[in-house]
Amino acid sequence: MLDAVDAVLVRELQRDGRATFQALADRVGLSRTAVRARVQSLLETGVVRVVGIVHSAVVGAEAVGHVSITVAGPARDVATAVAERPAVGFTALTAGPHDLVAQVRTRDDAALAAEVDHIRSVPGVEATEVFRTVTTVRDAHAVVRPLDRISLDDIDWRLLQELQRDGRAPYTRLADIIGLSQAATRARVVRLMRSGVIQVTGLADPLALGAAELGGFGLVVTGALRRVAEAVAEQEGVRYLATGFGRYDIVGQAEASSRAELVGVLDAVRAIPGATVRESWHHLDVVKESYAVELPDKPPNGDTPA
C-alpha cells in the first residue's frame, strides 16, 4: 500500500498524466524536488505507468467486443494465447459463468468477427460469447467524450506515437524528435489533448491503491437504456460501462478494496430502477491490460470526425 502522499500523486497522475511537478507539489504540500523523486520512484517501480490513450475514432478502432470464453484444460494457457493478439486490450481469468474474458477492439465488425474466429481457434477454447459494444458510457482510462473536428499532420502523428510510449515524455525530448521549438511542441500537445485526440493518464497498479478486487457484471434493463446506464456509471467503484447487443444490455467492470466492498458496488447497481444483474464474475488475475493501439505510419486523410 502507498502512503497518503503517494496515493494523492497517483490519483493526480490519473487525472492529468502531464501535470507539472510544481502543480503536483502544490497539491501535496511538498517541494518540487521531493515530488519529482516520489513520482520517479512510482514510475520506476511500476506502481503507475503514464501513457497516452488515442481516441478510437482517430485510429478507426471503434468496433469493440467483450468476449466471454469457456475452455477445456488450463485456462491460463488460453488466456496467454488470447492476450498475444494486438487487437486484444484486456484479458482476465475469471470465476463465474466463464473461465476468462477478453476485450477486442477493431476497425469494423468484419475485423471483429475475424478476431473472434481466431480466439475460437486457440487450442482449449470450447465456446465464446460476444457482447458487441454500441456506446461506451464510462471508461476510467480511455477517452469517451465526442471528438472535436481537428486536422492531423505528420508531426501530430509522431507526437501521438511518442506519447503512447511515454505520456510524460519531456517537451525537450519531444521537440528534438519532431524538430520544433519547445513552445511549438507544447502548443501541439495541448491542442491534441484539449481536442480529445489523446488523453494522457496514469495506469495504476490496483493493489497499490487498495483496489484488490476486480469484477465484471452483465445487466438487463427495463425502461430507458441510456438513463439506466448513466445511473449505473455514476456509482462509486464502477470503472467501465458500455451498452450494446448480446446476452446483456449493459456490460460493466467494478473495482473495490475488498470482496465485501465489491458486493456493495453490485448491490448499489441492483438498487437502480430498471437494472437487473443477470450475471457477475470475479476477476482472479488480469493477464493483459493495454490501451496502446498500432498507429499507421501516416495520419488519416482529412479531418478527424466531429
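See above for the structure.
Predicted, not measured: the structure shown is a model, and the values here were computed from it.

Peer 1: What exactly am I supposed to notice about the nonpolar core here?
Peer 2: Side chains that are nonpolar tend, in soluble globular proteins, to be buried together. Formed by 20 residues in total, the largest nonpolar core has its most connected members in Phe217, Leu219, Val228, Val232, Leu241 and Ile250. Of all the secondary structure elements, the ones that give two or more residues to this core are β7 (213-221), α10 (225-233), β8 (238-245), β9 (250-256), α11 (259-270) and β10 (275-289).

Peer 1: Teacher, can you tell me more about the pairing of strand β4 (residues 100-106) here?
Peer 2: With six of its seven residues buried, β4 lies for the most part within the structure. With seven bridges connecting them, strand β2 (residues 63-71) and β4 associate as antiparallel partners. From the neighbouring strand, Val64 faces β4, where its bridge partner is Arg105. When strand β3 (residues 88-95) meets β4, the two strands line up antiparallel, connected through five bridges. Residue pairing in the sheet places Leu93 in a bridge with Leu100 of β4. A loop of four residues connects β3 with β4, the two strands running antiparallel in sequence, and Gly96 in this loop sits at a positive phi of about 155 degrees.

Peer 1: Would you take a moment to explain the pattern of salt bridges for this structure?
Peer 2: Where charged atoms from two side chains of opposite charge come close, those side chains can pair. For the structure shown, the criterion picks out 22 salt bridges. When the shortest N-O distance is used, the salt bridge between Arg15 and Glu12 registers 2.9 Å. With Arg15 and Glu12 both in helix α1 (residues 4-15) and three residues apart, the pair spans about one turn of that helix. Looking at Arg15, the relative accessible area reads 60%, which means it is exposed. The buried category is assigned to Glu12, whose relative accessible area is 13%. For Glu213, the salt bridge goes to Arg259, with nearest N and O atoms at 3.9 Å. Remark: Arg259 occurs in helix α11 and Glu213 occurs in strand β7; sequence separation between them is 46 residues. A relative accessible area of 57% means that Arg259 is categorised as exposed.

Calculation rules
Sequence positions are assigned chain by chain, starting from 1 and proceeding in written order. Since the coordinates come from a predicted model, pLDDT governs what is reported: local features require at least 70, and pairs of side-chain atoms require 80 or more to be given and counted, while whole-chain, interface and lining totals use all residues. By convention in this description, side-chain values take in all heavy atoms of the structure and omit both hydrogens and water. Definition of nonpolar core: a set of buried residues of the types Ala, Val, Leu, Ile, Met, Phe, Trp, Tyr and Cys, connected through side-chain atoms within 4.5 Å. Burial classes: relative accessible area under 20% of the type maximum marks a residue as buried, over 50% as exposed, and values in between as partly exposed (1.4 Å probe, protein chains only). A run of H or I in DSSP becomes a helix once it reaches four residues, and a run of E becomes a strand once it reaches two; helices and strands are each numbered from the N terminus. DSSP calls a pair of strands paired once it identifies at least 2 bridges connecting them. When a carboxyl oxygen of Asp or Glu lies within 4 Å of a side-chain nitrogen of Lys or Arg, that pair is called a salt bridge.

What is shown is where atoms sit, not what they do.
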